Amino acid sequence: MNPLRILLLCHSFNSLTQRLFAELRAAGHSVSVELDIAERVTEEALALFAPDLLLAPFLRRRLPASVWQRLPCLVLHPGPPGDRGPSALDWALLHAQTDWGVTVLQANDDLDAGPVWAQARFPLRAASKGSVYRREVTQAALQAVNEAVARFASGARAAPAWSGPAPPPHWQPLLRQSERAIDWAEDSSATVLAKIRSADGQPGVLDTLWGQPCYLSDAHLASPAGLAAFTDAAPGALLAVRDGALLRRTRDAGVWIGQARLVGADGQKTFKQAAASLFAEATALPLRPVPLQRAADEWGELRYTEHGPAHARVGCLSFDFYNGAMSTARCERLHAALLQVLQRPTKVLLLLGGEDFFSNGIDLNSIEAAAQRDGDSAADASWRNINAMNDLALAILHISDRLSVAVLRGNAGAGGAFLALAADQAWAHDGVVLNPHYKNMGNLYGSEYWTYLLPRRLGEAGAHALMAQRLPLLARCALQCGLIDRCDAAPEGFAARCLQHALALACSADWPARLAAKQAQRQQDEAQRPLADYRAQELARMQRNFYGFDPSYHVARHHFVYKQAHAWTPRHLAVHR
Ligand code: COA
């Protein structure tokens, strides 16, 4: 295939755009990125980069005519051909569609109605919008974009002709809050879940908690057993707290609400936080923690299962934290759970992270919240959080009586990527994108023992290069360079295949030799330079990031948490500048 010059124009360099960026580059194309800041800036990028093709995977507004008249522009729409409008996935999830898709269209003066270059379909999972976007939509987008780009690279300059009648255009307007407002007295749990999921991660469903207007996200069905104590409660009543989430009665059952965002006074911007942490009233509710091993229908962030014969047991510890954000409290809960499961006689421990993200490091939202609390500060909260992450990473590094494996079912970024490397092995699948670097967050130095973990896998030069380039890395490229140890072909069935592999490892003849080798290596490494020394050196740099004169980290975090529009495209992405 002829290599092309492709300009990615996007509202933000989100996970879908990152995947396309990395895949198109891996396929040999020359790719540059421009954030959609202003028409003039995009025109400037066209002049500087002179692309063959513009690809717009994630835009929040229409492409200007001055751009699409100048070169072929392919826009990704997260809906099947015919579907049009700005809330495609929201409507599909709200209406519980079962079959959905993505379309690659050529931009023209008719929004979402240009000629169709490619499409891909998928069964629509009953999950949050963000989860479907990061998994099915991203996978389908890659397939459709590859098809469209291959067609373009082969010399075609027009979309393929439709076989059969073209699908009828179906314009769906912006989904408004009134259309997904929850009627707690009338709506079933299924309806409540569909409404919240259709708005999750953004904008959330506008509702009230203790009379205060706020947007709800991160909803999970409560189990009948969990509701047994509350059968007399009225629909809408707030009943209990677990893992920072609030249990709320519905007409026919109940839901756990994990995240809420207050409506700001006078239109002030706000951000999502653990729902219970936002309201003093929540402290009066009963706490309902759950054991790590429990029925599948009982929601909780942490879960542990065990498998295999008595002499070769495999433990699986999952930590499904919203957005992979690991606050101090979450790190401490996970640390306690880890110590608990290490009491079990397993030979291999799988650390499964969450379904959508393995981990994205310290929780920038909860740190931002500390900045608004009397007697606390963002610097202190950052310090507590990175220390809690380090304690967790250290506990993983200290596992000496069994093999540990980080299983990346979803993406991992910043400290979350290094947390995975604290395990003996890291396994991922081909849909995973890693961001194993910190600098994008205001030049953060980073900790989580990365100065020990990265060079031992990549060497000093390789570690330095990876940290400096600040780019997303496909799991198969991470495997090639030795950053991870396995890359499975497909996300479907990945966790089950990992378990089979772990079971084989647990009863393999070389398990004792592997364990002995790891113990010897750790002892040798410790003798050469203690882990405490790596930690002290990293934290000395982090202390400067948090408490020093240069406010870059605090500024970058503030912008990230409040989702402030970008004023310019980072130079490591806009290679044309
Ligand atoms: N803390 C709090 N929230 C986080 C987070 C973190 N560390 N990392 C991601 N999120 C949230 C985002 O705000 C976004 O929220 P939304 O549900 O309101 O949309 C959501 O997770 C998805 O993040 P997004 O940036 O859209 O995901 P992505 O897959 O496109 O990008 C990253 C992944 C890792 C590149 C990006 O999220 C990031 O840079 N995160 C910060 C990592 C970091 O610097 N951690 C601190 C240092 S250890």
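A. Focus on the sheet that holds strand S1 (residues 5–10). Ordered in space as S2-S1-S3-S4-S6-S7, the six strands form an open sheet in which the pairing is mixed. With one partner strand each, in any of the chains shown, strand S2 (30–35) and strand S7 (116–123) form the two edges of the open sheet. In this sheet, neighbouring strand axes are inclined to one another by 20 degrees on average, regardless of whether the strands run parallel or antiparallel. Here strand S4 (residues 73–77) runs beside strand S6 (residues 99–106); their pairing, made up of four bridges, is antiparallel. From the neighbouring strand, histidine 77 faces S6, where its bridge partner is threonine 103. Where helix H2 (residues 39–49) meets the sheet, its contacts fall on S1, S2 and strand S3 (53–58), and the angle it forms with S1 comes to roughly 165 degrees.

B. Local environment of the site of the ligand. By nearness alone, 26 residues border the ligand, and Ser15, Gln202, Lys272, Asn323 and Ile362 come closest of all. A distance of 2.8 Å is found between a nitrogen atom of the ligand and a backbone nitrogen or oxygen belonging to isoleucine 362. Within the contact set of the ligand, an oxygen atom lies 3.0 Å away from a side-chain nitrogen or oxygen of lysine 563. Protein coverage of the free-state accessible area of the ligand, which is 860 Å², stands at 85%. Elements with a minimum of two residues in the shell around the ligand: helix H1 (15–26) and helix H9 (364–371). For the shell around the ligand, the per-class residue count stands at ten nonpolar, twelve polar and four charged.

C. Inspection of the side chain of aspartate 187 at higher detail. Note on placement: aspartate 187 falls in the loop between strand S8 (170–171) and helix H6 (189–198). Using a relative accessible area of 11% as the deciding quantity, one classes aspartate 187 as buried. There is a polar contact of 2.7 Å between the side chain of aspartate 187 and the side chain of lysine 195. Ignoring any residue separated from it by four or fewer positions in sequence, one finds aspartate 187 in contact with Ala181, Ile182, Val192, Lys195, Thr250 and Arg251.

D. Examining the packing of aromatic side chains more closely. Applying the stated rule across the entire model yields 14 aromatic pairs. Pairing phenylalanine 319 with phenylalanine 321 gives two aromatic rings, centres 6.0 Å apart and planes at 40 degrees, and the pair type is tilted. There is no split in this pair, since phenylalanine 319 and phenylalanine 321 are both buried. Relative to tyrosine 547, the ring of tryptophan 383 lies with its centre 6.5 Å away and its plane at 65 degrees, an arrangement referred to as edge-to-face. Of this pair, tryptophan 383 sits in helix H10 (residues 378–397) while tyrosine 547 sits in helix H16 (residues 531–547), and the two are 164 residues apart along the sequence. On the basis of relative accessibility, which here comes to 26%, the residue tryptophan 383 falls in the partly exposed class.

E. Structural detail: the domain arrangement of the protein. Domain boundaries in the protein define domain 1 (5–171), domain 2 (177–284) and domain 3 (302–561). Here the C-alpha centre of domain 2 lies 33 Å away from the C-alpha centre of domain 1. Listed by partner, the interface residues are nine residues for domain 1 and eleven residues for domain 2. Of the roughly 730 Å² buried at the junction of domain 1 and domain 2 (both faces included), carbon and sulfur atoms supply 55%. A per-residue breakdown of the area domain 1 buries against domain 2 is headed by Asp90, Leu94 and Lys129, which together make up 52% of the total. Aspartate 90 is paired through a salt bridge with arginine 180; the nearest N and O atoms lie 3.2 Å apart. At the junction of domain 1 and domain 2, the tally comes to six residue pairs in polar contact (both at pLDDT 80 or more). Elements supplying a minimum of two residues to the side of domain 1 that touches domain 2: helix H4 (88–94) and helix H5 (129–153). With four residues, H4 is the single largest residue contributor to the side of domain 1 that touches domain 2. Residue composition of the side of domain 1 that touches domain 2, grouped by class: five nonpolar, two polar and two charged.

Reading the values: rules and limits
Residues numbered from 1 in each chain as written. Predicted model: local features only at pLDDT ≥ 70, side-chain atom pairs only at ≥ 80, totals over all residues. Heavy atoms only, no water. Pairing = 2+ DSSP bridges. Helix = DSSP H or I, 4+ residues; strand = E, 2+ residues; numbered from the N terminus. Axes fitted to C-alpha atoms, helices over the stretch in contact; angles between N-to-C directions. Contact = heavy atoms within 4.5 Å. Near = heavy atom within 4 Å. Polar contact = N/O pair within 3.5 Å; in protein donor to acceptor, adjacent residues only side chain to side chain. Areas by Shrake-Rupley, 256 points an atom, 1.4 Å probe, with all protein chains shown as cover. Nonpolar A, V, L, I, M, F, W, Y, C, P; charged D, E, K, R; others polar. Buried < 20%, exposed > 50% of the residue type's maximum accessible area, 1.4 Å probe, protein only. Phe/Tyr/Trp six-rings, centres within 6.5 Å; stacked < 30°, edge-to-face > 60°. Domains from an automatic or database assignment. Buried area = accessible area lost by both parts, 1.4 Å probe. Salt bridge = Lys/Arg side-chain N within 4 Å of Asp/Glu carboxyl O.

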